[in-house]
Amino acid sequence: MSASVDEAIRKAAVLNAVRHNGKADAGAVLGNLLGENPSLKPKARELMPTIQRTVNQVNATTLTQLNQEASEKWPADLTREKPEEARKLPPLPNAANYQTIVTRVAPNPDFVLHLGNARAAILSHDYARMYKGKFIVRFEDTDPRLKKAQLQYYDFIREDLKWLGCEWDAEYIQSDRLPIYYEIAETLLRMNAAYICECKPEQWKALVTAKKACPDRELGVSTQIQRWQKMLNGGYNEGEAVYRVKTELSHPNPAVRDWPGFRIVDVNKNPHPRVGSRFRVWPLYNMASGIDDHELGITHVLRGKEHLTNMARQLFLYRHLGWKYPDAVHFGRLKVEGMNLSKSRMMKALEAGEYTGIDDPRLGTLAALRRRGYSPQAIRQLMWEVGPKPVDVTISWDNINAINRKLIDPTSHRYYFVPDPITADISGVETNMEVHPALHPQYPEMGTRTLTLRAQNGATKLLLSGSDRTTLATGATVRLMGLFNIQTLGFRDGELSAKRLDESGEGENVPILQWVPAGDSVPVRVVLPDASDVKGFAEVGLGKEAVGSVLQFVRFGFCRIDEVDSAKVTLYFAHN
Ligand SMILES: [Zn+2]
């Protein structure tokens, strides 16, 4: 068989597996292969053994590795496959009015993405794919003072998006685009649609509350342009002048009335992480975001309903400039039970040293979920379920974990782990024994592990889980998983004595405990969701798993290997 046919089979198998929770199907692989390579049709029969062999190999590989292989070798095919799944989403409003649907996600790089903003990212991306449109990432980093961007977060966010499978077609950074905003600012001033306000904040507040114009509002265009130049040239200090967009002073929401478009930032005190102190006049959120949605041809904006007031503000800008506002979909709040997803709260706590980092297991950041072994596909499915509904939604961890379990279970190798171990001395074992439990009980093709019991003076030493201590009371009969039954004889100096029971089979109504050989084992530390940890031992086979693998510790739960060093394997707990 030629190398190119082998490669085509590999591609069809990996892509099929990636789309089906890590399990490729030989028949489907053949179909896809022939679909892409019709010239192979006469050879279908003789290709089958190679396809079957490749499917077996692929199905024995973890989903993480398959996703990695697919995104490295066939990234275009990977994203092309997504629209099919995204068809579960309701249609976008007025989609037929546009030749190309363009969506965007617009994170402020002052923090990483979390479960809350994953929704806008996934929905925006998946809608763009569903309509074969364009998905844009726009970093909104124009507040060097209060919501100051930090360099590392641009890359962290890119990593988060890639992990979510939200590959973008174009990227923009607002701090590169100040000249564009300045140009439009001047246009608006010349149109008498904006003005430079020198009012003190309390003076402004009194006027706007009373629906009254400030004296600056009606000054002539030439004065406005002079003041704008003065802003740009450093003639004002921070806080001495604000650029305002004219609205209706009678607007029912005072926050909409003549909203601020630009302000001066003392960039010597607060330099921007990317452009330093090059600019001192910075657009506020609605100015930069509003201009960019138009300039970048965004057709649909998907975001939380907390942006409704922003839309009301931006509509005035669009009306002044004769632009058409994108179709906007505002969804309700997404709450996760028992978790605070407020970015400012997380940032504050992180700065105060309450967390070990952005991927601390207690956080709802994507980095934390990734570290714990959640599948990005689980986050995607969750967001499809929630969709762009305008009502508030509260999801529970049980809900998230149930989705994730379905995705990771078929590819997670099984291992025994004994937390807080008890040594058991078991008599009645005359010779060394090997047992070979399956790496996955439902998928024997994944292979087996090997556990070796060493016999010495008619006995062997095993480690059992400390949490089974009460089950191991004197006289109890328990089954050691995949091994034999034992009867406990009591604890002496903390060590359990037990004897092997002969002729004891499976299926008896006795507790079944996991175990590891006392000598042949790997020290393990598992970091739990509350950041505490459990220490114990796992079987030696664990040492063959790569960092990043997600596996299941039997009777314990799903964990992801985080770090391997000479002393121990550290894992993060996902859920049981
Ligand atoms: Zn004023």
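Here, the structure is the one placed above.
All values derive from a computational prediction rather than experimental measurement.

A. Just the sheet that holds strand β14 (residues 422–427), in detail. Read across the sheet, seven strands follow the order β21-β18-β19-β20-β14-β17-β22 without closing on themselves; strand pairing throughout is mixed. Whereas interior strands pair on both sides, the edge strands pair on one side only; in this sheet they are β21 (512–513) and β22 (515–517). Sheet analysis places strand β17 (residues 459–464) next to β22, joined by three bridges and oriented antiparallel. Paired with Leu464 across the strands is Trp515, a residue of β22.

B. Quick peek at the environment of Ala149. Within the fold, Ala149 resides in the loop between β2 (134–139) and α8 (151–164). For Ala149, a relative accessible area of 3% gives the class buried. As a C-alpha pair, Ala149 and Asn270 span 121 residues in sequence and 11 Å in three-dimensional space.

C. Looking closely at the coordination of the zinc ion. Each protein donor to the zinc ion is listed here as Cys197 (SG), Cys199 (SG), Cys214 (SG) and Asp216 (OD); together their distances run 2.1 to 2.4 Å. One can describe the donor arrangement at the zinc ion as tetrahedral, given that its four donor atoms subtend angles of 100 to 116° at the metal. Donor residues for the zinc ion, ordered by position in the chain, follow C-x1-C-x14-C-x1-D. Of the two residues, Cys199 is situated in the loop between β4 (194–197) and α10 (201–209) and Cys214 in the loop between α10 and α11 (221–233); the sequence distance between them amounts to 15 residues. One exposure class covers both Cys199 and Cys214, and it is buried.

D. Molecular detail of the packing of aromatic side chains. Counted according to the given criterion, the structure contains 18 aromatic pairs. For the ring pair Phe111 and Tyr153, a centre distance of 6.0 Å and an interplane angle of 55° mean the geometry is tilted. Of this pair, Phe111 sits in the loop between β1 (102–105) and α7 (115–130) while Tyr153 sits in helix α8; the two residues are 42 residues apart in sequence, bridging distant segments of the chain. Each member of the pair, Phe111 together with Tyr153, is buried. A centroid spacing of 5.9 Å and a plane angle of 55° characterise the contact between Tyr153 and Phe156, whose relative ring orientation is tilted.

E. The arrangement of unusual backbone geometry in detail. A positive phi is found at Asn192, a non-glycine position, where the angle reads about 65°. Locating Asn192 in the fold gives a position in the loop between α9 (178–190) and β4. For Asn192, a relative accessible area of 37% puts it in the partly exposed group. Within the chain, Asn457 stands out as a residue other than glycine whose phi angle is a positive 50°. By the secondary structure assignment, Asn457 is in the loop between β16 (451–453) and β17.

F. Layout of the pairing of strand β18 (residues 477–480). Pairing analysis gives three bridges linking β18 to strand β19 (residues 485–492), with the strands arranged antiparallel. For Thr477, the partnering residue across the bridge sits in β19 and is Gln487. Turn length for the β18-β19 hairpin, with the two strands adjacent in sequence and antiparallel, is four residues, and the turn residue Gly482 shows positive phi of about 70°. Note that β18 and β21 share two bridges and pair parallel. Residue pairing for β21: Arg479 is matched across the bridge by Ile512.

G. Quick look at the nonpolar core. The biggest cluster of nonpolar side chains holds 53 residues, and the ones touching the most others in it are Leu115, Leu161, Leu164 and Ile379. Per-element tally for this core: the top contributor is α8, with six residues. Contacts of Leu164, omitting those with residues within four sequence positions, involve Ala118, Ala121, Ile122, Leu366, Pro376, Ile379 and Arg380. Counting 36 residues, the second-largest nonpolar core is a separate cluster that includes Ile184, Ile225, Trp259 and Phe279.

H. Highlighting the sheet that holds strand β7 (residues 281–283). Within the open sheet, the four strands sit side by side as β4-β5-β6-β7. Their pairing is antiparallel. In the strand order of this sheet, the two ends are held by β4 and β7, each with one partner. Sheet twist, expressed as the average angle between the axes of neighbouring strands with direction ignored, equals 20°. Where α11 meets the sheet, it contacts β4, β5 (242–245), β6 (260–264) and β7, and its direction lies at approximately 60° from that of β4.

I. Quick look at α9. When the terminal C-alpha atoms of α9 are compared, their 18 Å separation across 13 residues agrees well with the 18 Å that a helix rising 1.5 Å per residue should span. Regarding α9, the residues found buried are Leu178, Tyr181, Tyr182, Ile184, Ala185, Leu188 and Leu189. An end-on view of α9 places all buried positions within 170° of arc, on one side of the element. Those residues of α9 that are exposed and angled more than 90 degrees off the buried face are Glu183 and Arg190. Asn192 sits one or two positions beyond α9 and adopts a positive phi of about 65°.

J. A look at the pattern of salt bridges. A complete count under the given rule lists 42 salt bridges for this structure. A salt bridge links Glu69 to Arg10; the shortest N-O distance between them is 2.8 Å. Within this pair, whereas Glu69 is found in helix α4 (residues 63–73), its partner Arg10 is found in helix α1 (residues 3–19), the two being separated by 59 residues in sequence. Taken as a pair, Glu69 and Arg10 share a single burial class, namely buried. The closest approach of N and O atoms between Arg370 and Asp160, which form a salt bridge, is 2.9 Å. Of the two residues, Arg370 is situated in helix α15 (residues 366–372) and Asp160 in helix α8; the sequence distance between them amounts to 210 residues. Overall, Arg370 belongs to the buried group, its relative accessible area being 18%. Owing to a relative accessible area of 1%, Asp160 belongs among the buried residues under this scheme. Here the residues in one salt-bridge network are Arg104, Arg138, Glu140, Arg177, Asp292 and Asp293, joined through shared partners.

Quick notes on the rules
- Residues numbered from 1 in each chain as written.
- Predicted model: local features only at pLDDT ≥ 70, side-chain atom pairs only at ≥ 80, totals over all residues.
- Heavy atoms only, no water.
- Pairing = 2+ DSSP bridges.
- Helix = DSSP H or I, 4+ residues; strand = E, 2+ residues; numbered from the N terminus.
- Buried < 20%, exposed > 50% of the residue type's maximum accessible area, 1.4 Å probe, protein only.
- Donors = N, O, S within 2.8 Å, 3.2 Å for Na, K, Ca; no water.
- Tetrahedral: all angles 85-135°; square planar, octahedral: opposite > 155°, others 65-115°.
- Phe/Tyr/Trp six-rings, centres within 6.5 Å; stacked < 30°, edge-to-face > 60°.
- Core = buried A, V, L, I, M, F, W, Y, C linked by side-chain atoms within 4.5 Å.
- Contact = heavy atoms within 4.5 Å.
- Axes fitted to C-alpha atoms, helices over the stretch in contact; angles between N-to-C directions.
- Expected span 1.5 Å × (residues − 1).
- Arc of directions from axis to C-beta.
- Salt bridge = Lys/Arg side-chain N within 4 Å of Asp/Glu carboxyl O.

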